[in-house]
Amino acid sequence: MQAEVEETLKRIQSHKGVMGTMVVNAEGIPIRTTLDNSTTVQYAGLLHQLTMKAKSTVRDIDPQNDLTFLRIRSKKHEIMVAPDKEYLLIVIQNPCE
Amino acid sequence: MAPKSQKQKSAGGHKNTKRSKTKQILPDREEVEPVTMESMGHPEIYPLVLTTQTQEIFNCRIDEDVTDEKPYKLIKKEDILADFKNRAAVSDFYPVKKVIQEYPGDDLLVVYDKDFRYGLNFYLIGTEEGKENYLNRPEVPEEQEEYKEHTSEDLYIYKPPISKPWVSLGSEKEIDEESVKESAKQITYMISRKRSEFGAPVKFRDQNASSVKDAYIECTAYPDKNFIVKQLEKDVGMQVVPKVKDTSTQTRWTYPKNASTQYYPREFSEEEKEIFGQSKPLIDFLNNASISVEIALQQNEIMNTFIDDWKCLAEEEGTFGDKTDTHLKEYQSFTDLHNLTENMVTSISWHPTIYGLIAVSVAIRLSLEDRVHFSGKLLLQPSLILFWSFSDPIHPQLMLESPDDIFCFKFCPSDPNIIAGGCINGQIVLWDITAHADRIENIKTGGSRSKKATLKPMFLLEPDSNKEATYIRHCAVSSIENGHKKVITDIHWLSDTFEINRMGSVFENRSGICCQLVTCSADCTICFWDIRSQKALTPPPIEKKKEESIEIPFDVPSTFLHLDLSWKPLIKIRLSKGETSLDHCPTKISLSEDHLLYKAQDKILAQSKVVKAGEMNPYHDLEGALANNLKPIEDFCTKFFVGTEEGGVIYTDWKMERDPETGRLMAKKPVNLYAVHDGAVHTVQRSPFYKDIILTIGGWNLAIWKEGITTGPLLQSCCAPKRYTAGHWSLTRPGVFYIGREDGYIDIWDLLEKTHEPAQSQNICITMITYIKPWTFTAKQQFIAIADYYGTLHILEIPWTLSHPSTNEASSMSYYFEREVKHLEYVEQRKKIREQEKKEMELELEKKKTKTYQKSKEQMEAELKADYDNYLELEKNTLINLGLIKMPETMSFMDLM
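Residues numbered from 1 in each chain as written. Chains lettered and ligands numbered in written order. Predicted model: local features only at pLDDT ≥ 70, side-chain atom pairs only at ≥ 80, totals over all residues. Heavy atoms only, no water.

Chemist: Teacher, can you tell me more about the overall build of chain B here?
Modeler: Across its full length, chain B carries 20 helices and 37 strands. Counting only residues that meet the buried cut, chain B has 39% of its 897 residues in that class. As displayed, chain B has an accessible area near 57000 Å², and 54% of this comes from carbon and sulfur atoms. (Helix = DSSP H or I, 4+ residues; strand = E, 2+ residues; numbered from the N terminus. Buried < 20%, exposed > 50% of the residue type's maximum accessible area, 1.4 Å probe, protein only. Areas by Shrake-Rupley, 256 points an atom, 1.4 Å probe, with all protein chains shown as cover.)

See below:
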C-alpha cells in the first residue's frame, strides 16, 4: 500500500519541469514532500489557506458547485493544487522550455 | 314579604280595611310620609307597630281582642286623636297621623297582622273603601285565592274599565311647588326721545376726565397692609445631591499590535507520516488527484499558453549607439611616466565605489636572475600601487608604497579604504587610506585644476603642489617567518558573512566586516589570515620586540598596528602531492563566495556611507573584535578550486583534520585533480551568474567546470595558436568572457555563438596582456581595463552588444551547461557501455575460436543431408520450369509461379 503512494508521487515527480510535489493534510500539515522542510512548510501553509478561500468562494457563488483544481501561474513557475476533503496535492512545475 | 304577583294582579279580592282618623297637623312633621304598602299594590295599608300599652288603650290586645277569627278592630277616630294629644310623638299611631286626620269616616280599621305580612304586627287601612272591602270579605281569603286560581283558567271575561273619580294622592302639591309663578309684579317703563335726534351725526370731543366730576372711576393704588410685612425668615427645604456630570471624549485607541510573530510550523513525525502512507483514503485521493494533475502537467509540457509571442519577438529596446558595433572602443590609457624603470602591471582593481578610479599594481619587469643581480638598485625604488582616475591621465591620484613588488592586491569589500596586497617576497601588506579618502573621492571635480595655467609644458606641471601625489606607506605587513616564503600569487578577502577558525570550521561572522583573507603562494601553501588581533599569541620575547620596533611615521594610521610584523596566518594548508616532495604550486584560487563581490556595489555603497556617518570605523576597533561565542554555520561548502602552476585544477577542502598519528592539524587531501592545461593556470574564476560554473584558463586552452561534476570540465577548448595570459568573465552577459593573449589580442568568447573558437578578436596593444578586469558603472557604461606587459593600462568601453544580454540569455546558458553536464554523463555511460561491449566482443571472439572444433559428426552429417535435400528441391523445380517433368495436376497454377 505504501508502495502505491510512493509510485504515484514518483510518477508525478518525473514529469518534465516538475520542481516539487507534496501531499498535505486537511489542516495544512505536510505528509509527503520532495522539497526541503522549510520550503514545504511554507508552501503548505500558504496554499492551504488559499485553497480554502478559493473553495469557499466557489461555494458561496453556487452552493452546488465545488472546487476541483487550482492552478496559479506565476512568472517563474506554476503551482497546481488538487484539493480533496482530507488532503491536498500540490505540484510545482516550471513550464518554460 | 308575601309574593306580590298574584295578589296584585287579581281583579278582585282586595282585602282592604281602612280606618280613618283625623290627624293632628304638626308643621314640621308634615313632610314625613307614612309608609304605605303602595309598593305591594295596597296603597291604603299602613303597617303599624302597636305596643302593648297602645293595645290596652284601644282594646286591641293580641289574642284577646284581636284573634285569628276576628283579627281586626274598629277604632274610633276621636280616640286616636285623643291619644295623639295625650302621648304626642310617643303614640304608636303617630307615623300615620296624617292619614288618620284626613280619614273621612269615623272608624278606622286596624288589623292584626299575625303573619307579619306587611312587616309589622298591625296595619291600618287608610281608606273607607278598603275598610269596606275588608269587612265585607274577611273570611274568604283562601277561598278567594283558590277562586282566583280557578278563575284564571276559565275564560277571561272582558270588563271595560270603569272610570273612577280621580283620587288625589298629593301630586298636585308637587306640581304647585315645581311650577314657576310670577312672584312679583312686572314693572313697565317707557322711554322716549325726540325723533330728530336719532341718527344725527355725532361729534366726539376730548374732555379732561378730572374736570368733570364723576366722569371716571379710578382704582387708586394704595398700600395694602397685607403686603407691608417683610418676610425675614423663609423656610426653604435643602437637599444635598451628588453632582453627576456626563461627559464624553474620543481618544485615539492605541491597540496592541503585533510587531512580529515567531512561530514554528506543525509537523508530523516520521511514524505518523508512515501511517498516512498506509491509509487507504490517501491512496484513493492520490489516484483521483493524480489524474487531473497529470493532465495539467502535460498541458504545460505541450505548450506554454501564456507566452506573449509578440513580446518574445522583440529584443530590448532603447539601444545606445550602433547595434552592430561590437568592437571595444578605446577610452583612455594610463601610463606611469614618473618611474623610469620598466614596469609591468601585475594586477588591476577598480575602486568599488568611486567612479573612474582604478588601482594598478606594478612590478619590475625582470626575471629572477636579473632581480637578484640588480637587487641593490631595486631596494631604492619604491614599489607602488597607483591609483588612476579618468579625469587625470598623467598623474596618479594616490601611490601606495609597499616593501616589495606587489603581485596581487584587493580592496576590502566592506571598506574600500583598506587594501591588502601580496608581495613578491611572501608578505601581505595592508594599507589604510581612510585619511586620504576625501582626496580621491573628489577627483571628479577636478575641473578647477584644469582651469589653471595649462600652457606650461607637461614636464613643468610635475611639481604642482595641488597634484602632489602622496606616497602612502603601508599600515602593516605580515610576519616574515610565519607567512609565505615565496611570491604570493593570489589574495582574496573572505566574505563578511562567515569566518573560520583554526580548524577550518565555518562560523557566523558577527562583526559585519570582512576580516579574513586567504592567500596562496608559490611555496605550495594556502594561508588563511585574520586581520583582528589574535589573543592566543605567545608574547614574543622582549628583546626581539625591541629589535623589531621601528619608529612608525606619524602619518601612518594605526589600524593594523597590532598586526605589523607579527601577523601569523590562521590556517596554513599545504598542497602536497602525496609522498613526493613536489607539491602543487597554487596560482589562483576561487572560493564559492567570491562571485558576490562582483555585484556588491550597492551594498558597499550603503555600508561605506554608514561607516562614515557612524562614530567609529569598525576597522579601527579590531583589537577587541575576536568573539568567542560564534554560531557555526552548517552546510557550508568549504571546498574551493585551485589552479596550479603545472596546469592542474584542484578541487580541495580547507577544513583541517587532526592527523591521528602525529596529532597535528592536517589538511584534507584534495578531492579532485584535473590536468587539463598545458601551462600555469592564471585564471580560476566563478561566473557572476552561476555559483557553480568556473572558468579556468591556462597555457593554450581554457576549460569551464561545474562544481560537483567530477568527471571533467563541461567545456574544454582546443589549443589556441597563441598562449592565453589573462581572462575574465563578462559581468553582464552570462555566456561571454574575455581572454587576453600574449600577442596583445583580446579574444571575446560567446558561448551561445560559438564554443570552439572566440567570437571576436581585437588588438589592444603590442605586448602580452597581463590582466583583464571589466567593471560596470551604469547600465549604459561598461569598461574593461586591460593591462599589458609594458605597464600601460588601457581602458576600453564595452559596446552595447557585448554588455547587454539578449533575452533568455541566462536561461539559454543554464540550458547549455545542463546539456553539457548531460553530455558528460552520456560520455561516461558510453564509456561504460563501450567497456562492456569491448568485453563482450572479446568474449565472442574467444568463443568463436573454440566453437569450430566442437561441431560433432552427427551435426555435420545432418548438415550435409539438409544441403542435399535443398539441392534436390532445386533440381526438381528447375526441371519443372524447363518443362521436362510433368507437373502433378494437384499443383495449382499459383504454386508453379
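Still more ground to cover, so stick around.
Chemist: Help me understand the overall build of chain A in this model?
Modeler: Within chain A, the regular secondary structure consists of two helices and five strands. Expressed as a percentage of its 97 residues, the buried residues of chain A come to 45%. Within chain A, contacts between residues at least 6 apart in sequence are counted, and of these 37% link residues at least 24 apart. Summed over its atoms, the accessible surface of chain A is roughly 5200 Å², and 54% of this surface lies on carbon and sulfur atoms. (Contact = heavy atoms within 4.5 Å.)

Chemist: Is there a simple way to think about the interface of chain B and chain A in this case?
Modeler: Size of an interface: often given as the accessible area lost when the parts come together. In this assembly, 31 residues from chain B lie in contact with 37 residues from chain A. For the chain B and chain A pair, buried surface summed over both sides reaches about 3300 Å², with 60% attributable to carbon and sulfur atoms. Applying the counting rule to chain B against chain A returns two salt bridges. For Arg266 of chain B, the salt bridge goes to Glu27 of chain A, with nearest N and O atoms at 3.3 Å. With 17 residues, the top contributor of residues to the side of chain B that touches chain A is helix H9 (residues 280–302) of chain B. Considered class by class, the residues forming the side of chain B that touches chain A number 14 nonpolar, eleven polar and six charged. (Buried area = accessible area lost by both parts, 1.4 Å probe. Salt bridge = Lys/Arg side-chain N within 4 Å of Asp/Glu carboxyl O. Nonpolar A, V, L, I, M, F, W, Y, C, P; charged D, E, K, R; others polar.)

Chemist: Any chance you could explain the confidence of the model for chain B here in plain terms?
Modeler: Should the pLDDT be low somewhere, the predicted coordinates at that spot are not to be read in detail. Residues and elements named next belong to chain B. Overall, the predicted model of chain B reaches an average pLDDT of 76, with 78% of residues at or above 70. Counting interchain partners and residues more than four positions distant, the pLDDT-below-50 stretch residues 536–549 has two contacts. Contacts of residues 595–616 to residues separated by more than four positions or lying in other chains number 32 contacts, the stretch itself having pLDDT below 50. Across the interface, the model reports ipTM at 0.87; the global pTM reads 0.56. (pLDDT = per-residue confidence, 0-100.)

Chemist: Explanation requested: the pattern of salt bridges in the structure shown.
Modeler: Pairs can form between side chains of opposite charge whenever their charged atoms are close. For the structure shown, the criterion picks out 18 salt bridges over all chains. The salt bridge partner of Arg741 of chain B is Asp743 of chain B, with a shortest N-O separation of 3.2 Å. Between Glu757 of chain B and Lys754 of chain B there is a salt bridge, with the nearest N and O atoms lying 3.0 Å from each other. In the salt-bridge network here, residues are joined through shared partners; they are Arg71, Arg73 and Glu78 of chain A.

Chemist: What is the right way to read the packing of aromatic side chains from this model?
Modeler: Note on aromatic pairs: each is described by the distance of the centres and the angle between the planes. Residues and elements named next belong to chain B. Following the criterion strictly, the structure yields 25 aromatic pairs over all chains and no others. Each ring, one from Phe268 and one from Phe276, has its centre 5.1 Å from the other, and the planes form 45°; the classification is tilted. Judged by relative accessible area, Phe268 falls into the buried class, the value being 17%. Three or more aromatic residues joined by ring pairs form one cluster here, namely Tyr331, Phe334, Trp350, Tyr355, Trp388, Phe390, Phe777 and Phe783. Just above the ring of Tyr789 sits the side chain of Arg365; from NZ or CZ to the centre is 5.6 Å. (Phe/Tyr/Trp six-rings, centres within 6.5 Å; stacked < 30°, edge-to-face > 60°. Lys NZ or Arg CZ within 6 Å of the ring centre and 35° of its normal.)

Chemist: I would appreciate a short explanation of the nonpolar core in the present structure.
Modeler: The nonpolar side chains of a soluble globular protein tend to be buried, and buried together. In this structure, Leu89 of chain A together with Phe285 and Leu286 of chain B are the most contacted members of the largest nonpolar core, which totals 22 residues. When residues in this core are grouped by element, the largest group, eight residues, is from H9 of chain B. Counting 21 residues, the second largest nonpolar core, distinct from the first, contains Ala720, Tyr724, Trp729 and Tyr816 of chain B. (Core = buried A, V, L, I, M, F, W, Y, C linked by side-chain atoms within 4.5 Å.)

Chemist: Help me understand the sheet that holds strand S30 (residues 715–716) of chain B, please; the structure alone is not making it clear to me.
Modeler: Strand pairing in a sheet takes place through backbone hydrogen bonds and is either antiparallel or parallel in direction. Residue and element names in this part refer to chain B. Spatially, S27-S28-S29-S30 is the arrangement adopted by the four strands of the open sheet, whose pairing is antiparallel. Unpaired on one side and paired on the other, strand S27 (681–686) and S30 mark the two borders of the sheet. Pairing geometry for strand S29 (residues 701–706) and S30, over two bridges, is antiparallel. The residue of S30 that forms the bridge with Ala703 is Gln716. (Pairing = 2+ DSSP bridges.)

Chemist: Honestly, H9 of chain B in this entry has me stumped. Any pointers?
Modeler: Because each turn of an α-helix spans 3.6 residues, side chains separated by three or four positions in sequence point in the same direction. Taking 1.5 Å as the rise per residue, H9 of chain B with 23 residues should run 33 Å; its terminal C-alpha atoms sit 33 Å apart, in good agreement. A maximum bend of about 30° is found in H9 of chain B at Ser290 of chain B. Those residues of H9 of chain B not exposed but buried are Leu282, Ile283, Phe285, Leu286, Ala289, Ser290, Val293, Glu294, Ala296, Leu297 and Asn300 of chain B. Tucked inside the fold, the buried residues of H9 of chain B contact helix H1 (2–13), strand S1 (18–25), strand S3 (70–73), strand S4 (78–83) and strand S5 (87–93) of chain A together with helix H8 (270–278) of chain B. (Expected span 1.5 Å × (residues − 1). Bend = angle between axes of the 7 residues up to and from the residue.)

Chemist: It is not clear to me how the side chain of Gln781 of chain B should be interpreted in this structure. Could you clarify?
Modeler: Residue and element names in this part refer to chain B. Relative to the helices and strands, Gln781 resides in the loop between strand S35 (769–776) and strand S36 (782–788). Engagement of the side chain of Gln781 in a polar contact is seen with the side chain of Tyr355, the distance being 3.1 Å. Beyond its immediate chain neighbours, meaning those up to four positions away, Gln781 contacts Tyr331, Tyr355, Thr776 and Glu797. (Polar contact = N/O pair within 3.5 Å; in protein donor to acceptor, adjacent residues only side chain to side chain.)

Chemist: Mind showing me how you'd approach the pairing of strand S11 (residues 418–423) of chain B here?
Modeler: All names here are of chain B. Within S11, six of the six residues are buried, which leaves the element mostly enclosed by the surrounding structure. Where strand S10 (residues 406–411) and S11 come together, five bridges link them in antiparallel fashion. When the sheet's bridge partners are listed, Phe411 is paired in S11 with Ile419. Remark: six residues form the turn of the hairpin made by S10 and S11, two consecutive strands paired antiparallel. Here five bridges tie S11 to strand S12 (residues 428–432), and the two strands are oriented antiparallel to one another. Residue Gly421 lies in a different strand from S12, and its bridge partner there is Val429.

Chemist: Could you clarify how one ought to interpret the pairing of strand S23 (residues 648–653) of chain B in this entry?
Modeler: Each regular strand displays side chains that alternate between the two surfaces of the sheet. Residue and element names in this part refer to chain B. A large share of S23 lies buried, amounting to six of its six residues. A two-sided burial pattern is seen for S23, the buried positions comprising Gly648, Ile650 and Thr652 on one face and Val649, Tyr651 and Asp653 on the other. Between strand S22 (residues 639–644) and S23, which pair antiparallel in sequence order, lie three residues; one of them, Gly647, sits at a positive phi of approximately 105°. Of the pairings in the sheet, the one linking S23 to strand S26 (residues 672–675) comprises four bridges and is antiparallel in character. Counted as the bridge partner of Ile650 is Leu673 from S26.

Chemist: For this particular structure, what's the right way to read the sheet that holds strand S33 (residues 745–750) of chain B?
Modeler: Residues and elements named next belong to chain B. Taken together, four strands build an open sheet; the order of strands is S31-S32-S33-S34 and the sheet is antiparallel. Each end of this open sheet is capped by a strand with a single partner; those strands are strand S31 (724–729) and strand S34 (760–763). For this sheet, the mean inter-axis angle between neighbouring strands, taken without regard to orientation, is 20°. Note: S31 against strand S32 (residues 736–741), five bridges, orientation antiparallel. Residue pairing in the sheet places His728 in a bridge with Tyr738 of S32. (Axes fitted to C-alpha atoms, helices over the stretch in contact; angles between N-to-C directions.)

Chemist: For this particular structure, what's the right way to read the environment of Cys719 of chain B?
Modeler: Mapped onto the elements, Cys719 of chain B comes out in the loop between S30 and S31. Beyond its immediate sequence surroundings of up to four residues, Cys719 of chain B is in contact with Asp678, Trp700 and Asn701 of chain B.

Chemist: Got a minute to help me understand the packing of H1 of chain A against H9 of chain B in this structure?
Modeler: Geometrically, a packed helix pair is captured by the angle between its two axes and the distance between the axes. Across the interface, H1 of chain A lies against H9 of chain B with an axial gap of 10 Å and an inter-helix angle of 10°. As far as their axial angle goes, H9 of chain B and H1 of chain A are roughly parallel. In this structure, H1 of chain A contributes Glu4, Val5, Thr8, Leu9, Arg11 and Ile12 of chain A to the contact, and H9 of chain B contributes Leu282, Ile283, Leu286, Asn287, Ser290, Val293, Glu294 and Leu297 of chain B. Its residues placed into classes, the contact of H1 of chain A with H9 of chain B shows eight nonpolar, three polar and three charged. (Parallel < 35°, antiparallel > 145°, perpendicular 65-115°, else oblique.)

Chemist: Where do I start with helix H2 (residues 37–61) of chain A in this structure?
Modeler: All names here are of chain A. With 25 residues, H2 ought to run about 36 Å at 1.5 Å a step, and its terminal C-alpha atoms sit 36 Å apart, in line with that. Residues Thr40, Val41, Tyr43, Ala44, Leu47, His48, Thr51, Ala54 and Lys55 constitute the buried set of H2. The secondary structure elements touched by the buried residues of H2 are S1, strand S2 (30–33), S3, S4 and S5.

Chemist: How should I be thinking about unusual backbone geometry in this particular structure?
Modeler: Glycine aside, residues mostly have negative phi angles, and peptide bonds mostly take the trans form. All names here are of chain B. Of note in this structure, Cys524 is not a glycine but carries a positive phi near 65°. Looking at where Cys524 falls in the secondary structure, it is placed in the loop between strand S18 (516–521) and strand S19 (525–530). Residue Cys524 is classed as buried on the basis of its relative accessible area of 13%.

Chemist: Any chance you could explain the confidence of the model for chain A here in plain terms?
Modeler: Summarising the model, chain A shows a mean pLDDT of 90, and 97% of its residues fall at 70 or more. The weakest mean pLDDT in chain A belongs to H1 of chain A at 87; the strongest belongs to H2 of chain A at 94.

Chemist: Explain a nonpolar patch on the surface here, please?
Modeler: Taken together, the side chains of Tyr868, Tyr871, Leu872 and Leu874 of chain B present a nonpolar region at the surface, about 430 Å² in accessible area. Tracing the backbone through its elements, the reader meets Leu874 of chain B in helix H19 (residues 857–882). (Patch = residues over 30% accessible without salt bridge, like charges linked within 9 Å, V, L, I, M, F, W, Y side chains within 5 Å.)

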